[in-house]
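Chain by chain, the residues run as shown.
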Amino acid sequence: MPLASDHAYRDLPANARVGLLGGTFDPIHLGHLILAEEARLQLNLDRVFLLPAGEPPHKQGRPITPVEHRIHMVELATVESPHLWVSRIDADRPGPHYSIDTVRLLRQALNPRTEIFFLMGADSLRDLPTWYQPQELLAECTIAALTRPFVDVQWAKLEHTLPGIQKHVILLKMPALEIASTTLRERVRAGISIRFQTVRAVEAYIAKHGLYSR
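Described in the following lines is the structure provided in the data block. (Residues numbered from 1 in each chain as written. Predicted model: local features only at pLDDT ≥ 70, side-chain atom pairs only at ≥ 80, totals over all residues. Heavy atoms only, no water.)

## Thoughts on the overall build of the protein chain
And then number 1: Within the protein chain one finds nine helices and six strands.
And then number 2: The C-alpha radius of gyration of the protein chain comes to 17 Å, within 12% of the 17 Å expected for a compact globule of 214 residues.
And then number 3: In terms of its C-alpha atoms, the protein chain occupies a principal-axis envelope of roughly 50 × 40 × 35 Å.
And then number 4: The proportion of buried residues among the 214 residues of the protein chain is 46%. (Helix = DSSP H or I, 4+ residues; strand = E, 2+ residues; numbered from the N terminus. Rg over C-alpha atoms; globule rule 2.2 N^0.38 Å. Buried < 20%, exposed > 50% of the residue type's maximum accessible area, 1.4 Å probe, protein only.)

This is the structure:
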């Protein structure tokens, strides 16, 4: 779908359920799209917003593809889905960007009765206590964590650091699919095909602009 503008947030039903999927998307791949679609289906979401990060706080100091390239790739990957929208809310504001700030900004744009689900992998849930203001994030939205192979959620440890966290988390099942943006970048750099790991349009965009080749 096209980039989300004000109407994309306001034309939802009063009691809408929306998912937020943030990430660097460098590049976006099928794992991201499957995560978004599985969350939409399992949570009965009206819309999922993909939020390319401008300056990810956990990746400062690492070379990152310019955000405009990453946004274009996310647009290309979601163009055929009426339920997936691309939001520039993180890309168009100064960083570093923290999840709690993103959720609060989107809550201001959405109908007050909209229910927000913040999507993440189980590995991110495991590391949630290290995030910026995690307790406030739990108060603003519901965390929807998708299970990942070989990642166990240690609830006792999480509850010790973030009391009551289980009441704010829903675990979702996800097909076992190990695709990572890091691997795609390495394969492109090595001249190895990334076919079937991202959509054809993104693959063509990477080749056209020479991304990751150096």
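## Some thoughts on the sheet that holds strand E5 (residues 142-146)
And then number 1: With parallel pairing, six strands are arranged side by side in an open sheet as E3-E2-E1-E4-E5-E6. Edge positions in the sheet fall to strand E3 (84-86) and strand E6 (169-172), since each of these pairs with one other strand and no more. Between one strand axis and the next, the sheet turns through 30° on average, direction left out of account.
And then number 2: Across four bridges, E5 lies against E6 in parallel orientation. Pairing of Ala-144 across the sheet is with Ile-170, part of E6.
And then number 3: On the sheet, helix H4 (residues 99-109) packs against strand E1 (17-23), strand E2 (47-52) and strand E4 (115-121) and is oriented at approximately 150° with respect to E4. (Pairing = 2+ DSSP bridges. Axes fitted to C-alpha atoms, helices over the stretch in contact; angles between N-to-C directions. Contact = heavy atoms within 4.5 Å.)

## Some words on the environment of Ile-206
And then number 1: Following the sequence through the fold, Ile-206 ends up in helix H9 (residues 200-209).
And then number 2: For Ile-206, a relative accessible area of 3% gives the class buried.
And then number 3: Sequence separation between Ile-206 and Pro-27 is 179 residues; the distance between their C-alpha atoms is 8.6 Å.
And then number 4: Once residues lying within four places of it in the same chain are set aside, the contact partners of Ile-206 are Pro-27, Met-73, Val-188, Ile-194, Leu-211 and Tyr-212.

Purely geometric numbers; function is a separate question.
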